[in-house]
Amino acid sequence: MTAYDPDNIFTKIIEGEIPCHKVYEDNETLAFMDIMPQSQGHTLVIPKSGSRNLLDADPAVLADLIQKTRTVAAAVMKATGADGFRIMQFNEAPAGQTVFHLHFHIIPIYEGVPLKPHAGEAADHTALGALAAKIRGAF
Ligand code: 5GP
């Protein structure tokens, strides 16, 4: 597998070089709104330490990350009132990975509402900011 390359958009978000609509942060983890959401409330959860995907991640980092993902998912569900959610995680480009820093997608599901395409259309920033504030208030 290709080695982790720290020159990626999520590293820039972690380092504050690129802004994001943050919903959760601690020493190990950052969660923020996906700018091209597949549904209302689509959130990404990433470790601050670098790994390309599931296979090169430190097991301790992974164990922590999935617990944080659950915590964030609970807040996303509370804030959005969604009917369910999917956790997605892509490994390598043929599988759909477009950013090569490990991340889990939390994708709320609304009964009868189809998902938008993966990494498709950018959402309105004001709306994303409002949603992030609502999720932050739901922990
Ligand atoms: P992947 O395709 O690697 O599983 O997921 C990468 C996700 O990152 C996509 O859903 C895409 O919409 C999102 N994304 C790409 N660039 C940015 C960005 O600059 N900011 C944010 N917040 N999300 C991004």
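Residues numbered from 1 in each chain as written. Predicted model: local features only at pLDDT ≥ 70, side-chain atom pairs only at ≥ 80, totals over all residues. Heavy atoms only, no water.

J.: Is there a simple way to think about the overall build of the protein chain in this case?
T.: A tally of regular secondary structure across the protein chain gives three helices and five strands. Seen in sequence order, the protein chain has helices and strands lined up from the N terminus as α-β-β-β-α-β-β-α. For 139 residues, the compact-globule estimate of 2.2 N^0.38 gives 14 Å, and the protein chain sits close to it at 14 Å. Expressed as lengths along the three principal axes of its C-alpha atoms, the size of the protein chain is roughly 40 × 30 × 25 Å. Among the 139 residues that make up the protein chain, the fraction classed as buried is 40%. (Helix = DSSP H or I, 4+ residues; strand = E, 2+ residues; numbered from the N terminus. Rg over C-alpha atoms; globule rule 2.2 N^0.38 Å. Buried < 20%, exposed > 50% of the residue type's maximum accessible area, 1.4 Å probe, protein only.)

J.: I would appreciate a short explanation of the side chain of Asp-26 in the present structure.
T.: Along the chain, the position of Asp-26 falls in the loop between strand S1 (22-25) and strand S2 (29-33). Separated by 2.6 Å, the side chains of Asp-26 and Tyr-24 make a polar contact. When neighbours within four sequence positions are excluded, Asp-26 is seen to be in contact with Lys-48 and Lys-68. (Polar contact = N/O pair within 3.5 Å; in protein donor to acceptor, adjacent residues only side chain to side chain. Contact = heavy atoms within 4.5 Å.)

J.: Quick question: what am I supposed to make of the site of the ligand here?
T.: As a structural note, the neighbourhood of the ligand is formed by 18 residues, with Asp-34, Phe-90, Thr-98, His-105 and His-118 the closest of them. Within the backbone of Ile-35, a nitrogen or oxygen atom sits 3.4 Å from a nitrogen atom of the ligand. One of the side-chain N or O atoms of His-118 is found 2.6 Å from an oxygen atom in the ligand. For the ligand, the protein covers 93% of the area, taking 510 Å² as the surface of the free molecule. (Near = heavy atom within 4 Å. Areas by Shrake-Rupley, 256 points an atom, 1.4 Å probe, with all protein chains shown as cover.)

J.: Would you mind showing me how to read the sheet that holds S2 here?
T.: Each strand in a sheet pairs with its neighbour through backbone hydrogen bonds, running either in the same direction (parallel) or in the opposite one (antiparallel). One open sheet holds the five strands; their spatial order is S1-S2-S3-S5-S4, and the pairing between them is antiparallel. Each of the sheet's edge strands pairs with one partner strand only, and the pair in question is S1 and strand S4 (84-88). Strand-to-strand, the axes of this sheet are offset by a mean angle of 20°, without reference to chain direction. Summarising the sheet, S4 and strand S5 (residues 104-109) pair through five bridges and their orientation is antiparallel. Paired with Arg-86 across the two strands is Ile-107, which belongs to S5. (Pairing = 2+ DSSP bridges. Axes fitted to C-alpha atoms, helices over the stretch in contact; angles between N-to-C directions.)

J.: For this particular structure, what's the right way to read the pattern of salt bridges?
T.: Pairs may arise between side chains of opposite charge once their charged atoms sit close together. In the structure shown here, the tally under the stated rule is seven salt bridges. Here Glu-28 and Lys-68 are joined by a salt bridge, their closest N and O atoms 3.6 Å apart. Taken as a pair, Glu-28 in the loop between S1 and S2 and Lys-68 in helix H2 (residues 59-80) lie far apart in primary sequence, 40 residues in all. We classify Glu-28 as partly exposed; its relative accessible area is 42%. Classification of Lys-68 by relative accessible area gives buried; the value is 14%. (Salt bridge = Lys/Arg side-chain N within 4 Å of Asp/Glu carboxyl O.)

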